[in-house]
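Here is what each chain is made of, one letter per residue.
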Amino acid sequence: SQTIHQWPATLVQPVGSPLSLECTVEGTSNPNLYWYRQAAGRGLQLLFYSVGIGQISSEVPQNLSASRPQDRQFILSSKKLLLSDSGFYLCAWKQTGSEGYTFGSGTRLTVV
Amino acid sequence: GEDVEQSLFLSVREGDSSVINCTYTDSSSTYLYWYKQEPGAGLQLLTYIFSNMDMKQDQRLTVLLNKKDKHLSLRIADTQTGDSAIYFCAERRSFNKFYFGSGTKLNVKP
């Protein structure tokens, strides 16, 4: 079966510390992968998407970066977190032929 | 979300119908979606409609699409307390990128 794993579920990090959030997909190959951020009380903002290994497109210039070292692995990183990076980060994937995204359970990041 | 607009709150009584509205921006969007988010959880796909359709019904859910006005609505019949959640509409643009509204928080009172 096809599943998406995202971890950790919650994270509290100090300002200026690095960040690494990981998302993996099982049961499929060559998925389109996406990172979204949901700020408190707001909608979802598309941060990055990837159509294949090593291929990353950025939607919004910011303090974050993404990488796709393997077909089913998508990583969101930052070298130095800002307070404004706090939010709920969601990984999503879409397989060719399917209609909608499937979302991971999300990581709630609080930068203090 | 980028330019996909929804009202922020809706409150209904259990058993009533709920109607959540959305205005999207890209007339070339091929699919439009409704997602549900329960507290602390990711988003769950509820239903979607292809842009050449006017209406789609799926059990208690009815989606209406007015392509001329770029207006999408979700009607939930016989709303239950378990339907309380945030509902997001989304449009699918090029490269399978989805753009979401800010979400409508539905509160169902018993």
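The coordinates are above.
A quick note: this is a predicted structure, and the numbers were derived from the prediction, not measured. (Residues numbered from 1 in each chain as written. Chains lettered and ligands numbered in written order. Predicted model: local features only at pLDDT ≥ 70, side-chain atom pairs only at ≥ 80, totals over all residues. Heavy atoms only, no water.)

A. Broad picture of the sheet that holds strand E3 (residues 19-26) of chain A. All names here are of chain A. The four strands are arranged E1-E3-E8-E7 in an open sheet whose pairing can be described as antiparallel. At either margin of the open sheet sits one strand with a lone partner, and together these are strand E1 (3-7) and strand E7 (65-70). With strand direction ignored, the average angle separating the axes of adjacent strands in the sheet is 20°. Here E1 runs beside E3; their pairing, made up of five bridges, is antiparallel. Among the inter-strand pairings, Gln6 is bridged to a residue of E3, identified as Cys23. (Pairing = 2+ DSSP bridges. Helix = DSSP H or I, 4+ residues; strand = E, 2+ residues; numbered from the N terminus. Axes fitted to C-alpha atoms, helices over the stretch in contact; angles between N-to-C directions.)

B. Main features of the state of the cysteines. Residue and element names in this part refer to chain B. A complete count under the given rule lists two disulfides over all chains for this structure. Between the sulfur atoms of Cys22 and its disulfide mate Cys89 the distance is 1.9 Å. Of note, the bridge from Cys22 to Cys89 carries an S-S torsion of about 65° and is right-handed in sense. Residue Cys22 is located in strand E3 (residues 18-23), and its partner Cys89 is located in strand E9 (residues 85-92); the two are separated by 67 residues in the primary sequence. When sorted by exposure, Cys22 lands in the same class as Cys89, which is buried. (Disulfide = S-S within 2.5 Å. Buried < 20%, exposed > 50% of the residue type's maximum accessible area, 1.4 Å probe, protein only.)

C. Here's a closer look at the environment of Thr81 of chain B. All names here are of chain B. Following the sequence through the fold, Thr81 ends up in the loop between strand E8 (71-76) and E9. Distance from Thr81 to Leu43, taken between C-alpha atoms, is 18 Å for residues 38 residues apart in sequence. Not counting the four nearest positions on each side in its chain, Thr81 is found in contact with Glu14, Val108 and Pro110. (Contact = heavy atoms within 4.5 Å.)

D. Representation of the pattern of salt bridges in the model. Following the criterion strictly, the structure yields seven salt bridges over all chains and no others. Taking the shortest distance from any N to any O, the salt bridge between Asp85 of chain A and Arg37 of chain A comes out at 3.8 Å. On the criterion of sequence distance, the pair formed by Asp85 of chain A in the loop between strand E8 (73-78) and strand E9 (87-94) and Arg37 of chain A in strand E4 (residues 32-38) is long-range, its members being 48 residues apart. For Asp85 of chain A, a relative accessible area of 3% corresponds to the buried category. In this structure, the salt-bridge partner of Lys36 of chain B is Glu38 of chain B, at a minimum N-O distance of 3.3 Å. Overall, the relative accessible area of 10% leaves Lys36 of chain B in the buried class. The class for Glu38 of chain B is partly exposed, based on a relative accessible area of 36%. (Salt bridge = Lys/Arg side-chain N within 4 Å of Asp/Glu carboxyl O.)

E. Region of the structure containing the interface of chain A and chain B. Of the residues lining the interface, 21 residues belong to chain A; the matching set on chain B comes to 22 residues. Carbon and sulfur atoms make up 53% of the surface buried where chain A meets chain B, a total of about 1,600 Å² over both sides. When the area that chain A buries against chain B is broken down by residue, the three leading residues are Leu44, Glu99 and Tyr101 of chain A, summing to 33%. In this structure, the salt-bridge partner of Lys97 of chain B is Glu59 of chain A, at a minimum N-O distance of 3.0 Å. Applying the counting rule to chain A against chain B returns eight residue pairs in polar contact (both at pLDDT 80 or more). Contributing elements (two or more residues each) for the side of chain A that touches chain B: E4, strand E5 (44-52) and E9 of chain A. Broken down by element, the residue count for the side of chain A that touches chain B peaks at four residues, all from E4 of chain A. Residues that form the side of chain A that touches chain B fall into these classes: nine nonpolar, seven polar and five charged. (Buried area = accessible area lost by both parts, 1.4 Å probe. Polar contact = N/O pair within 3.5 Å; in protein donor to acceptor, adjacent residues only side chain to side chain. Nonpolar A, V, L, I, M, F, W, Y, C, P; charged D, E, K, R; others polar.)

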